[in-house]
Amino acid sequence: MSLDVSPQLLAEAENGEVREQDFVETVRTSLPYAYDLIARLADELRSGTAEFADNQTPPPSEKERGQLLRALSSDAIRGSLERHFGIALAFQNCHRVAAFPPEARGGETHTRFTSLRSQILNQSPEFRDC
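Residues take numbers from 1 onward in each chain, read along the sequence in its written order. Per-residue local features of the predicted model are confined to residues with pLDDT of at least 70, and side-chain atom pairs are confined, for both listing and counting, to 80 or more; whole-chain, interface and lining totals are unaffected and use all residues. To get the side-chain values, all heavy atoms of the structure are used, and hydrogens and water are removed first.

Caption draft 1: Looking closely at the environment of H84. By definition, any uninterrupted DSSP run of H or I lasting at least four residues is a helix, any uninterrupted run of E lasting at least two residues is a strand, and each is numbered from the N terminus. Along the polypeptide, H84 turns up in helix α5 (residues 75-85). Three labels apply to residues, based on accessible area from a 1.4 Å probe with only protein chains included: buried if under 20% of the type maximum, exposed if over 50%, partly exposed otherwise in between. In this structure H84 comes out as partly exposed when scored by relative accessible area, which is 43%. Expressed as a C-alpha distance, the spacing of H84 and E20, which sit 64 residues apart in the sequence, is 8.5 Å. The contact definition used throughout considers only heavy atoms, calling two residues in contact when any of these lie within 4.5 Å. Ignoring anything within four residues of it in the chain, the contact list for H84 reads V24 and Y35. Pairing of N or O atoms within 3.5 Å defines a polar contact, subject to two protein rules: one partner must be a possible hydrogen donor and the other a possible acceptor, and residues neighboring in sequence count only if both atoms are side-chain atoms. A distance of 3.1 Å separates polar atoms of two side chains, one belonging to H84 and the other to Y35.

If you want it as structure tokens, here you go:
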């Protein structure tokens, strides 16, 4: 799963720094499922009282799963989405992504979510091929 980079953005990159808002727009249009899921989690986090908002629903197809994996496996994409939405992301398996307030990173709840124990407890046979 690759980003659909416009000729304009490519020229911008070839000439120096890329504006993050242009990069995020490329992510939004290239990886719409991932972008929309993270946007929804950011909205849920801001509008709720929970310490984090997370997704536990598998993507509808492998195409969407690929978008999510692409977004979260790239430091540049993940970091841009975190800055754009003002959140810290955590990821456990093929689809369980969570949004935390940035200041929660390294705190008790974030550490528990990203712990080895939580990773092991969040496994099941259906995740083996993702």
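So much for the structure itself; the text now carries on.
Caption draft 2: Molecular detail of the nonpolar core. Grouping buried Ala, Val, Leu, Ile, Met, Phe, Trp, Tyr and Cys residues that are joined through side-chain atoms within 4.5 Å yields what is termed a nonpolar core. Counting residues in hydrophobic clusters, the biggest one holds 25 residues, and the most contacted among them are I77, L81, F85 and I87. Contributing elements (two or more residues each) for this core: α2 (20-30), α3 (32-47), α4 (62-73), α5 and β3 (97-100). The greatest single-element share of this core, amounting to 9 residues, is contributed by α3. Every residue in contact with F85, bar those within four places of it in the chain, is listed here: Y35, I38, A39, A42 and R46.

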